[in-house]
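Letter by letter, the chains look like this.
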Amino acid sequence: MTFDRPVLLLGNAPINAALARWVGDWSGPIVCADGGVRHLPPGRHIIVVGDMDSYQGPASTRLHDPDQDSTDFDKCLACVRAPELIGVGFLGGRWDHSLAALSSLARARDPIRLIDHENSIVLVDGDYQGRHRIGDTLGVIPMQRCQFSASHGLAYPLDGVVLELGVWVGSSNRITDAHVSIRGQGRYWLSYASPLKPDSE
């Protein structure tokens, strides 16, 4: 399935009322990962992808993939192409599901971010540039060993820093400039404010 505008992917993890309202205001296409249909706003076309172990109801479009070596989120990433993907309902709930979703970001072909009511998370490979709200928290969590050469807009610079899971991670940094840039090698998760937070970008 190919779309010419951003697509919202819905997973089956719990979401709170504020996030449900945000989903309800989404005007673009929505694709549900199996049981994520439960978060679909009333009246929307049901486009569902997965092994269908959670949802067996009616659907406008149904892509059934029984493979048990991939998650329903993986299946969505494999069949949906769009300028941007935003995932809701993939964080929270079961930790194994959340961690699997974070791992799946490495296989995404299109830009994607996962959001909940507090955070947005993207996977970065190497350098990063983005706009953020001054004063917000930004976390840099390495997926693998990461060597950083420079950064801008962070209270705790990453210049010359090496991060690695089980050794040192860059949690709780603070944004000091709306334009944030990071230069480095390796893949890392970047955690920052959810779009639900007032004035966040």
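So, a few notes on the structure that sits alongside this text.

Conventions we followed
- Each chain carries its own residue numbering, running from 1 in the written order of its sequence.
- This being a predicted model, a pLDDT of at least 70 is required before a residue's local features are given, and a value of 80 or more before pairs of side-chain atoms are given or counted; all residues contribute to the totals for chains, interfaces and linings.
- No hydrogens and no water enter the side-chain calculation; it runs on all heavy atoms of the structure.
- By definition, a salt bridge exists where a carboxyl oxygen of Asp or Glu is found within 4 Å of a side-chain nitrogen of Lys or Arg.
- Runs of H or I in DSSP of at least four residues are treated as helices and runs of E of at least two as strands, each being numbered from the N terminus.
- Both cavities and pockets are sets of points on a 1 Å grid over the protein atoms alone; in a cavity a 1.4 Å probe fits but cannot get out, in a pocket the set is open with protein on both sides within 12 Å along at least five of seven lines, and lining residues sit with an atom within 4 Å of a point.
- Grid points are joined across faces, edges and corners, and a volume is the space filled by probe spheres set on the points.
- In this classification, the charged set is Asp, Glu, Lys and Arg, the nonpolar set is Ala, Val, Leu, Ile, Met, Phe, Trp, Tyr, Cys and Pro, and all remaining amino acids, among them Gly, are polar.
- Here, strands pair whenever DSSP counts at least two bridges between them.
- Using a 1.4 Å probe on the protein chains alone, a residue whose accessible area is under 20% of its type maximum counts as buried, one over 50% counts as exposed, and one in between counts as partly exposed.
- Inter-axis angles, ranging from 0 to 180 degrees, are taken between N-to-C directions of lines fitted to C-alpha atoms, where helices are fitted over the stretch in contact.
- By definition in these notes, contact holds between two residues if any of their heavy atoms fall within 4.5 Å.

**Re the pattern of salt bridges**
Part 1 of the reasoning: The final tally for this structure, using the stated rule, is six salt bridges.
Part 2 of the reasoning: Here Arg81 and Asp110 are joined by a salt bridge, their closest N and O atoms 2.9 Å apart. In this pair, Arg81 is assigned in the loop between helix H2 (72–79) and strand E5 (85–88) and Asp110 in the loop between helix H3 (95–104) and strand E6 (112–115), connecting sequence segments 29 residues apart.
Part 3 of the reasoning: One salt bridge in this structure joins Arg94 and Asp96, with 2.5 Å as the shortest N-O distance.

**So, the layout of surface pockets**
Part 1 of the reasoning: Of the voids in this model, the largest pocket is the one considered here, and its volume is about 520 Å³.
Part 2 of the reasoning: Taken together, 26 residues line the largest pocket, and the ones lying closest to its centre are Asn12, Thr71, Asp72, Phe73 and His97.
Part 3 of the reasoning: The element contributing the most residues to the lining of the largest pocket is H3, with four residues.
Part 4 of the reasoning: Of the residues belonging to the lining of the largest pocket, the class tally is seven nonpolar, twelve polar and seven charged.

**Observations concerning the sheet that holds strand E11 (residues 162–163)**
Part 1 of the reasoning: Spatially, four strands are ordered E8-E13-E10-E11 in an open sheet, and the strand pairing comes out antiparallel. Across the chains shown, the open sheet's two edge strands, defined by having one partner strand only, are strand E8 (128–131) and E11.
Part 2 of the reasoning: When strand E10 (residues 146–152) meets strand E13 (residues 179–185), the two strands line up antiparallel, connected through five bridges. Bridging from a neighbouring strand, His152 pairs with Ser181 of E13.

**Notes on the side chain of His132**
Part 1 of the reasoning: Inspection of the secondary structure assignment puts His132 in the loop between E8 and strand E9 (137–142).
Part 2 of the reasoning: On the basis of relative accessibility, which here comes to 4%, the residue His132 falls in the buried class.

**Some thoughts on the sheet that holds E6**
Strands pair in a sheet through their backbones, by hydrogen bonds, and they do so in one of two ways: parallel or antiparallel.
Part 1 of the reasoning: As summarised here, the arrangement of the ten strands in space is E4-E3-E2-E1-E5-E6-E7-E14-E9-E12, forming an open sheet in which the pairing is mixed. Only two strands of the sheet have a single neighbouring strand rather than two, namely strand E4 (61–64) and strand E12 (170–174). On average, each strand axis in the sheet is inclined to that of its neighbour by 25°, with strand direction left out of account.
Part 2 of the reasoning: In the sheet, strand E1 (residues 7–10) pairs with E5 via four bridges, with the strands oriented parallel. In the strand pairing of E5, Leu9 is matched with Gly87.
Part 3 of the reasoning: Those strands touched by helix H1 (residues 17–25) are E1, E5 and E6, and its axis lies near 145° from that of E5.

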